[in-house]
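Overview (structure and organization)
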Amino acid sequence: MNKENRTPIRVAILGVLVAALVFAIYSSLSQDDVVGKGDTAPNFYSTEVGGKSVQLTDLRGKGVVVNFWGSWCEPCKEEMPALEKMWHTYKDQGVVFIGLNIGESEITATQFAKQMGVTFPIWMDPKREVTKVYKVSSIPATYFIDKDGEIQDVFVGPMSEEIIKEKVEKIKP
Amino acid sequence: MIQLSNNLLLLAFVLYLVSTIVYAVAITGKKWANRDPKEHQQRFGRIGFAITFIGFLSQTGYVAIRWIAGGHSPTSNMFEFIAFLSYCIVIGFLILYRIYRMTILGAFAVPLAAIMLAYASVFPKEVTPLIPALQSYWLQIHVTTAALGEGILAVGFASGLMYLIRTVPQQVSTKSTKWLEFVISVVLMMVGFIIVSTVFANLNQKTVFEFPQYKADEPTVVERMLTVEYKLPAIVAPQESKIVQPGPITPLFEAPGFMEGKDAARKLNTMIWSVLSGVVLYGLIRLLLRKRLAAAMQPTLDDIDPELIDEISYRAIAIGYPIFTLGALIFAMIWANEAWGRFWGWDPKEVWALIVWLFYSAYLHLRLSKGWLGVKSAWMAVAGFVIILITLVVVNLVIAGLHSYAGV
Amino acid sequence: MNDTRKCECGHTNPVGTRLCEACGKPTEAYIQTQDPQAPEFPSMRYEGMARRSKINTRSPIDKVWNFFSSVKIAIILIVITLIASGVGTIFPQQRYIPVPVPTEESVAQFYSTTYGTLGDLYYLLGFHNLYSSWWFVTLLVMIGMSLVICSLDRIIPLYKALKKPRLNQHLSFYLGQKMHGVTDEGVSFNTSETLEKAAEGLKKKGYRVFQNGDSLMGEKARFSRWGPYINHVGLILFLLGVLLRSVPGFYMDDFVWVREGQTISVPNTPYYVKNVEYKTEYYSEDEFAQDLPIKEGEVIPKNFESKLIIYLNENEGVAGAPPKLTQVTEGSVRVNHPLTHESISYYQSGKREMELGALNFDLVNRTNNQRVGQIKVDLYEPAAEQKVGEGITVRVLDYYPDFFMDKNGMPSTKSSAPNNPMVALEVSDGKVKEKLVYVSGSLISNETNPVYELAIRKPDLLDVTGLMVRKDTMIPLIYFGCFISMVGLVMGFYWQHRRIWFHREGDRLYLAGHTNKNWFGLRQEVNQIIEPLQLPIPITVAPDVDKKKSKKEKEVRPT
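Residues numbered from 1 in each chain as written. Chains lettered and ligands numbered in written order. Predicted model: local features only at pLDDT ≥ 70, side-chain atom pairs only at ≥ 80, totals over all residues. Heavy atoms only, no water.

In this section: the confidence of the model for chain C. Residue and element names in this part refer to chain C. Averaged over every residue, the pLDDT of chain C is 84; the share at 70 or more is 92%. Taking the mean pLDDT of every element in chain C, the minimum, 36, falls on strand S23 (residues 555-556) and the maximum, 94, on helix H10 (residues 475-494). pLDDT under 50 marks residues 546-559. Its contacts with residues more than four places away, or in other chains, come to 23 contacts. Both confidence scores are given for the complex: pTM 0.85, ipTM 0.86. (pLDDT = per-residue confidence, 0-100. Helix = DSSP H or I, 4+ residues; strand = E, 2+ residues; numbered from the N terminus. Contact = heavy atoms within 4.5 Å.)

With that out of the way, let us pick up the packing of aromatic side chains. In this description, a pair of aromatic rings is defined by centroid distance and the angle of the planes. The tally for this structure, following the rule as stated, stands at 48 aromatic pairs over all chains. Ring geometry for Trp346 of chain B versus Tyr131 of chain C: centroids 4.0 Å apart, planes at 5°, classification stacked. Linking Trp346 of chain B in the loop between helix H9 (306-340) and helix H10 (348-369) with Tyr131 of chain C in the loop between helix H5 (104-124) and helix H6 (134-163), this pair reaches from one chain into another. For Trp346 of chain B, a relative accessible area of 14% corresponds to the buried category. A connected cluster of aromatic rings, assembled from ring pairs, spans Trp344 and Trp346 of chain B together with Phe91, Phe110, Tyr111, Tyr122, Tyr123, Phe127, Tyr131, Trp135 and Phe136 of chain C. Directly above the aromatic system of Trp519 of chain C lies the positively charged group of Lys178 of chain C, at a separation of 4.9 Å from the ring centroid. In this arrangement the basic side chain of Arg245 of chain C is found over the ring face of Tyr251 of chain C, its NZ or CZ atom lying 4.1 Å from the centre. (Phe/Tyr/Trp six-rings, centres within 6.5 Å; stacked < 30°, edge-to-face > 60°. Buried < 20%, exposed > 50% of the residue type's maximum accessible area, 1.4 Å probe, protein only. Lys NZ or Arg CZ within 6 Å of the ring centre and 35° of its normal.)

With that settled, consider the sheet that holds strand S5 (residues 263-265) of chain C. Residues and elements named next belong to chain C. Strand order in the open sheet formed by four strands is S5-S6-S7-S8, with antiparallel pairing between adjacent strands. Two strands lie at the open edges of the sheet, namely S5 and strand S8 (325-334), each paired on one side alone. Averaged over all adjacent pairs, the angle separating strand axes in this sheet is 25°, with direction ignored. The sheet contact formed by strand S7 (residues 301-313) and S8 spans nine bridges and is antiparallel. (Pairing = 2+ DSSP bridges. Axes fitted to C-alpha atoms, helices over the stretch in contact; angles between N-to-C directions.)

Residue and element names in this part refer to chain B. A positive phi is found at Arg290, a non-glycine position, where the angle reads about 60°. For Arg290, the position within the fold is in the loop between helix H7 (264-289) and helix H8 (293-297). For Arg290, a relative accessible area of 74% corresponds to the exposed category.

With that settled, consider the pattern of salt bridges. Pairing between side chains of opposite charge can happen when their charged atoms approach one another. Applying the stated criterion across every chain, the model contains 29 salt bridges over all chains. One salt bridge in this structure joins Glu74 of chain A and Lys77 of chain A, with 3.4 Å as the shortest N-O distance. Here Glu74 of chain A pairs with Lys77 of chain A, and both are found in helix H2 (residues 74-90), just three residues apart, close to one helical turn. For Glu74 of chain A, a relative accessible area of 27% translates into the label partly exposed. Its salt-bridge partner being Asp362 of chain C, residue Arg457 of chain C comes within 3.2 Å of it at the nearest N-O pair. Here the residue Arg457 of chain C occupies a position in strand S19 (residues 452-472), and Asp362 of chain C occupies one in strand S10 (residues 344-365), the gap between them amounting to 95 residues. A relative accessible area of 9% means that Asp362 of chain C is categorised as buried. Salt bridges linked by common partners bring Asp153, Lys167 and Lys170 of chain A together as one network. (Salt bridge = Lys/Arg side-chain N within 4 Å of Asp/Glu carboxyl O.)

On to the sheet that holds strand S18 (residues 442-445) of chain C, then. Residues and elements named next belong to chain C. Strand order across the open sheet formed by five strands is S12-S13-S16-S17-S18, with antiparallel pairing between neighbours. Each end of this open sheet is capped by a strand with a single partner; those strands are strand S12 (385-388) and S18. Going from strand to strand, the sheet's axes swing by 25° on average, the running direction of each strand aside.

What follows is about the interface of chain B and chain C. Chain B puts 70 residues into the contact, and the matching count from chain C is 66 residues. Buried area between chain B and chain C, summed over both chains or domains, comes out near 5700 Å², and the portion from carbon and sulfur atoms is 64%. Area buried by chain B at its contact with chain C is led by Pro132, Phe343 and Trp346 of chain B, which between them contribute 12% of it. Counting every contact that joins chain B to chain C gives zero salt bridges. In this assembly, chain B and chain C are joined by 13 residue pairs in polar contact (both at pLDDT 80 or more). (Buried area = accessible area lost by both parts, 1.4 Å probe. Polar contact = N/O pair within 3.5 Å; in protein donor to acceptor, adjacent residues only side chain to side chain.)

Here it is as structure tokens:
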């Protein structure tokens, strides 16, 4: 049997098998696909408290901080004052802060904002559609999006003023 | 109707016991005076087989009647499943008898079926209506086929065990003799479990405990108090429990915290009782015989051709393996896909079915490609069924999963 | 002449051949192995053919090929997988633990508090996600590779060997078979008559008979030799199907809770699903086959069922955008009976019953004790304002779905679900403005002597159904793989390849038999076939021995 003309076949078979192996390992490692750093922030529509229809792409050209929160979430309450303060610092520098409420009614959200003294815009996600698209599993979760709509950073958990400042600097237009 | 089917089952059990005794006479009595050993063995072997067959018919009656009366295959709770498995062991024996015409195989296969049947009887016997999760004909197909596969594999175990008893040298104590004694004591643990639970069930003494259940997401907050009732005297108490109704003994210790579920401690208690009673039973028999159990049995098998039982063991596995594959894996996947939208979920029971399958795959490759015959092959046949038992008993009773039926 | 490839019959065998392809004599190369453990006659397992993995062992490609073509490696892979699978059942996998939001900390916390140090270790080693870990996946793929290469390495030479019936073999071939026999010296027989009878007997037993001169072979169920390989092909297809599920879009697995009356978007699809109605049915006692020892008030569920409508969103599916829905299908889902549309299946797999949907009140004017009208507070989408009767407005000022007082004494909510709703209302008719608070089934007014009061009516209760939404495009391939695998198993295990040879050389008749399993059966069949020959042929069945053991033989004389 001539070994020479069989070897390419075997090389081909082994090649396919190795490709399968690489693919399997790759997909086992990248299972928890999240929306994260470097991704383009998925667009979404929402209603701002007060009734105005809005969408994320309206804010192209500005740095955007999207903070997912719920009124039942204690750590969300903790970070609200810091967010509010930073919002005042940066709102004139082309950065928009958005509090994205998850699954609650406008009344609850409005009251919460009032109680916490929050004045940045609150957008609603009553059916949690945005939350699902961003694969938010625990809150507070904050997305820092630059003027081109690319996510520059994600932070899960309550933030201090310093953390916010550090991240916002990256997306300031 | 159901009474009739229960009576038929009881009759089958008695017949299996009687035929076990007849088989025992067949293999031990051939050395009695004035007997032609061959003729003696053949005659009693045939009588034993006939009784087994009547028992099989009676159990067939039980299965058929219970199926009709309950409206679903009698495999929907632990009692029904184990009883059905014992039925499948008998079917497996009949299949291999048809091929090899070896009645003496029954001396090991039939008592196994009888033990299974007795084991079944410690679980609640009622015909329960099917809860929605079990309402699927794929489930019935899956469970019956898997049981049939396991039953035939059990015959592989029986004849593998026979092979080992026949061939492992008993003059000196070796690793092999020790393991063989261990396997025998595992079988005795099942017997012990049956005896203990039957005895205590009739004594009508109970221990009742109350213990807190913590919230899943806040492990320090008590969600509610649970009560659990032990039929066996309590050696192990549930964690942080109080005795509501004291039983015959005070518990010696508490179950470790990682054992999950309401009944975890009770199951552990049952396990401890089975092991203890098996060990005691083994010790008694050993004292009585004054030699290793396998050594005592060896002379009774000395005229059996070891190659034939080796082949029977392999053949049983060769027949059982495809059926097991079909029932425990393929049909299980189809059902799981219908019920949960995924054909495989790495549920403990599924994983153990896979382990059994992988084990027998290794057995077949070793035997067919690596020439593992005789002793090695027999050890694997025995170990394979021990894994099935683990799947059946331990996974069902200890690890709570999607498949858990009612437990003792 | 030192060319070991050349057999004395004149045939040149490929390197690595152990039994001459033409005459069946053990090859010079085999005889010269000088391995004291090798039996005198090579194993018939692969018909003594040359196998690729045994020939070339030098290049790296050969090395990889040979690694995966080894049955020993395959068995080792199987055993490692078996043990690893078992390890994964010691503690529950992450997907089965009762942690609602599986963040890394909470999962680690769970294993640590529930299982102690061992749990910590289990988590650290990544065993909580063992079956999707890269190394477990690697094991499975390696088994797949072993399946492909093992099968290719063996099936090609085996096919070549079995294609041509072995007739007129070298005597050592017949005598080397596990079952063989030869007539005693001096026993005379009529060759053609004997072979004719033998052929007849073989045919009667269902053998295909090949004859060449005074050499005869009966063969049965050759196809059973392909069984293992067909089984392997099935397993490869199965594994391929599983692997391809990782391709984006081929597999989807989601879960949604849908309230009665609610229509929500199915994640990652253009579909919306509406829960029209959910119900649980219970067995009535006359449906039991026998009396059951169940306690008073205990019931056994019979059916969990949701009526669903599936809609297609014709707009571009941007989250939060108002959809344009068209109904595509409707139907019921029950446990074990999913609803499928366009390869997406909806499974009944959870329920929350009798949850508060809306609070209902009657607004009563206390001055004349007149019922003014009805107020409904939807607990999911409370209307900010509603008109009741003549010029009366009721506004919802504040709403806490799951009310409690937080550590600072501030009203707060534990979750977004209306488990314990607290609603602050304001009733105004232009003259008076009164505030009312509903909490935990009672009402408090801010006035000591209010004009308006509320009478609590039965609230709207609704059921929430939990739907699993799944898509698995690979199911047909996976099932097909299972089917092929089963066909292979049945072929391989329920039939046996049997060959029986009769061969005259000199004045003696040689008989040999080979099967891949059930020698007992073959022995019986041979007895039945040679009985009509009226010719004593002492037959030997050599016991299978481990290579290390000495070879002993056992004589059986047919009666």
